[in-house]
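Descriptive analysis of the structure
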Amino acid sequence: MDTGRPAGPAAQVAGTLLLTALAAAPLAYVWETLNRLFAGRVEPGRLAWSVPALAVLIAILMLIARAARRWTAQETHTQNGRGTS
């Protein structure tokens, strides 16, 4: 339900923490795949699964960045006296 008002700080922090937690699994998988590649172990199956994992990771990071931009824009409006508190 969108009331037209921006989410409060608690909701923003909770959303960011949730997205960060969701990003942990694909990040770990891609990280481990890169470690194995750098160690000289090429596993085609692992590489195939890394592509969608990387896509999911990028999508989650984009959502986190968008939330951070909204959060900082909201703080800027509040500091300039244009907030609706």
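Residues numbered from 1 in each chain as written. Predicted model: local features only at pLDDT ≥ 70, side-chain atom pairs only at ≥ 80, totals over all residues. Heavy atoms only, no water.

1. Focus: the overall build of the chain
The line we're drawing: Note on conventions: DSSP H or I runs of at least 4 residues are helices, E runs of at least 2 residues are strands, and numbering of each starts at the N terminus. In this scheme, a residue with accessible area under 20% of its type's maximum is buried, one over 50% is exposed, and one in between is partly exposed, where area comes from a 1.4 Å probe on protein chains only. By definition, residues are in contact when any of their heavy atoms lie within 4.5 Å. Method for areas: the Shrake-Rupley scheme with a 1.4 Å probe, in which residue coverage is limited to the protein chains shown.
A count of helices and strands for the chain gives two helices and zero strands. Here the chain holds 85 residues, and the buried ones make up 14% of them. Long-range pairs, those at least 24 residues apart, make up 59% of the contacts in the chain with a sequence separation of at least 6. Total accessible area on the chain is roughly 6500 Å²; 69% of this is exposed by carbon and sulfur atoms.

2. Digging into the packing of aromatic side chains
Formally: Paired rings are identified among Phe, Tyr and Trp, the last through its six-membered ring, by centres lying within 6.5 Å, and are further divided according to the angle between planes into stacked (under 30 degrees), edge-to-face (over 60) and tilted (the rest). Whether a charge sits over a ring depends on NZ of Lys or CZ of Arg being within 6 Å of the ring centre and within 35 degrees of the ring normal.
Under the criterion given, the structure shown has zero aromatic pairs. Residue placement shows Arg 46 over the ring face of Tyr 29; its charged tip is 4.2 Å from the ring centre.

3. Regarding the environment of Arg 70
Mapped onto the fold, Arg 70 is located in helix H2 (residues 44–79). Relative accessible area serves as the criterion here: at 52%, Arg 70 is assigned to the exposed category. For the pair Arg 70 and Gln 12, spaced 58 residues apart in the sequence, the C-alpha separation amounts to 9.6 Å.

4. Concerning a nonpolar patch on the surface
Applicable threshold: Within this analysis, patches are made of residues with over 30% relative accessible area and no salt bridge. Like charges are joined at 9 Å or less; nonpolar side chains (Val, Leu, Ile, Met, Phe, Trp, Tyr) at 5 Å or less. Salt bridge, as used here, is a side-chain nitrogen of Lys or Arg placed within 4 Å of a carboxyl oxygen of Asp or Glu.
A cluster of nonpolar side chains, namely Leu 34, Leu 37, Phe 38, Val 42 and Leu 47, defines an oily patch on the protein surface of about 480 Å² accessible area. Among the secondary structure elements, Phe 38 is positioned in helix H1 (residues 9–38). Judged by relative accessible area, Phe 38 falls into the exposed class, the value being 71%.

5. Considerations on the pattern of salt bridges
Oppositely charged side chains are able to pair whenever their charged atoms sit close together. Enumeration according to the criterion identifies two salt bridges in this entry. One salt bridge connects Glu 43 with Arg 36, and the closest N-O pair in it is separated by 3.2 Å. When its relative accessible area of 28% is taken as the criterion, Glu 43 is described as partly exposed. Residues joined by salt bridges that share partners form a network here, namely Glu 32, Arg 36 and Glu 43.

6. A closer look at H1
What sets the pattern is the α-helix's 3.6 residues per turn: residues three or four places apart point alike. Definition in use: To estimate how far a helix should reach, multiply one less than its number of residues by 1.5 Å.
For H1, with 30 residues, the first-to-last C-alpha span of 41 Å sits near the 44 Å given by 1.5 Å per residue. Taken together, the buried positions of H1 are occupied by Gln 12, Leu 19, Ala 23, Pro 26, Val 30 and Thr 33.

7. Quick look at the side chain of Arg 46
Heads up, the rule is: Within this scheme the basic residues Lys and Arg register as positive and the acidic residues Asp and Glu register as negative, but His and the chain ends are omitted. Between N or O atoms, a polar contact is any pair within 3.5 Å; within protein, one atom must be a potential hydrogen donor and the other a potential acceptor, and residues adjacent in sequence are included only when both atoms are from side chains.
Inspection of the secondary structure puts Arg 46 in helix H2. No salt bridge is formed by the buried Arg 46. Its closest oppositely charged neighbour is Glu 43, at 4.8 Å. A polar contact is formed between the side chain of Arg 46 and the side chain of Thr 33, at a distance of 3.1 Å.

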